[in-house]
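Residue-level structure breakdown
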Amino acid sequence: MKFNYSIYLYLVPVLFILMVAEIVHLIKENKYDKKDLICSIGLAIGAQLIYYFFIGAIIFFYYFIYKYRIFTFQSSLWLTWVICFFADDFTYYWFHRSSHKVRFLWASHIVHHSSKMFTLSASLRVPWTSNLTGVFLFWAWMPFIGINPVTVIFIKSFSVLYQFVVHTETVKKLPYFIEAIFITPSHHRVHHSSDVEFLDKNYGAILIIWDKIFGTYKEEDHKPVYGLTQNIDSYNPVTVATHEWKRIFNDLKKSKSLKNRFHFLFNPPGWRPDESSKTAKQLQMEIKKNVVHRA
C-alpha cells in the first residue's frame, strides 16, 4: 500500500478556503473579532517557524529509536497504517489529558485554549514551547515497536488536519453513528468550554472512544462559554505564548518549599498550597457537593 504524501499540498488550501468562508459567515452574523484572528495568526506563524527548527531533530531522534526496534511494521502494508492510526490516536489522548493535568505541560497547551472564540481560525493557536517540554516523547514508543518515523509523522499530520475542522460552531450535531465514534465539533466545543462541568473532558483527536473508555466523555448539553477560567487579557501573541510560564516562574520564585515547587510544576493547573485557587477536579467536586446539599 503506497500513500501519496503530497496530499497535504491539496488539503491545506481547502482548509484555508473553509477558514475564510467561516470568517465571512461570522462577519455577516456580527460575531467577527479581528484582534482575536490576528493573534491566532501570529501564534500560528511563530509556532510554524519553531516547528521547522525542531522537526529535523525530532525525526533524527525517532530514527535513532527505530534502529533498536523490537519489530518491523512494513509501511507498504495496509495493516501497518491501521495500527499506526490507532496507536497515534491513543497516544494523543494521553498526551492531551496529561497536558491538562500537569501544569508544566499546561503552560504550553493553555495557548490553544486562550481564545474566547471557537472558530477554525482559533484552532491556529498553537503553542511555541511544546517541543521544548518534550511532548514528542509521548510518540517515541511507536518507532520503538517498529513503525517507521515517516509513517508516524504522516499520521500525526493527518490528525492535526482533522482537529482543525472540528473547531467550529457552524456545524451542529452530526448523525448519531458519527457522534458515537468520532470527535465532532459538538464534542470539541465541550473541550474548549470554561464551564466547570465541561472542564477536562473530550480529549480525543479523531476518536471519541478513548474518552468513553477512560471516563472523560461529556456530551454537549448546553451552549458552552469558551476560553479559560481566568482568561489572558491580551491579544499579543508573545504574551499569550509565555503567560503561564511567567506565572509558574513567579510561583517557583516565591515558594520557599522544595515540595511546593515540585507541586507547582507537576500538579494540575489551579493547585496552590493555600487553596486560594482550585483545580478543575476540586471545582467539579464543589458542584457535586452543592447538588447533594440541595437535595
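None of these values were measured; they are calculated from a predicted model. (Residues numbered from 1 in each chain as written. Predicted model: local features only at pLDDT ≥ 70, side-chain atom pairs only at ≥ 80, totals over all residues. Heavy atoms only, no water.)

1. Describing the side chain of His-187
Position of His-187 among the secondary structure elements: in helix 8 (residues 185-191). Within the structure, His-187 has its side chain in polar contact with the backbone oxygen of Phe-182 (distance 3.4 Å). (Helix = DSSP H or I, 4+ residues; strand = E, 2+ residues; numbered from the N terminus. Polar contact = N/O pair within 3.5 Å; in protein donor to acceptor, adjacent residues only side chain to side chain.)

2. A short note on unusual backbone geometry
Its identity as a non-glycine residue notwithstanding, Asn-30 has a phi of 60 degrees, on the positive side. In this fold, Asn-30 is placed in the loop between helix 1 (7-28) and helix 2 (34-66). Non-glycine residue Glu-275 carries a positive phi angle of around 55 degrees.

3. What to know about the pattern of salt bridges
Note that side chains of opposite charge can pair when their charged atoms are close. The tally for this structure, following the rule as stated, stands at eleven salt bridges. For Lys-101, the salt bridge goes to Asp-200, with nearest N and O atoms at 3.3 Å. Of this pair, Lys-101 sits in helix 3 (residues 78-101) while Asp-200 is found in the loop between helix 8 and helix 9 (209-214), placing the two residues 99 residues apart along the sequence. On the basis of relative accessibility, which here comes to 14%, the residue Asp-200 falls in the buried class. A salt bridge links Glu-169 to Lys-223; its shortest N-O distance comes to 2.8 Å. Here Lys-223 lies in the loop between helix 9 and helix 10 (237-254) and Glu-169 lies in the loop between helix 6 (149-165) and helix 7 (176-181), a separation of 54 residues in the sequence. The class of Glu-169 is partly exposed, set by a relative accessible area of 24%. Assessed through its relative accessible area of 60%, Lys-223 is described here as exposed. (Salt bridge = Lys/Arg side-chain N within 4 Å of Asp/Glu carboxyl O. Buried < 20%, exposed > 50% of the residue type's maximum accessible area, 1.4 Å probe, protein only.)

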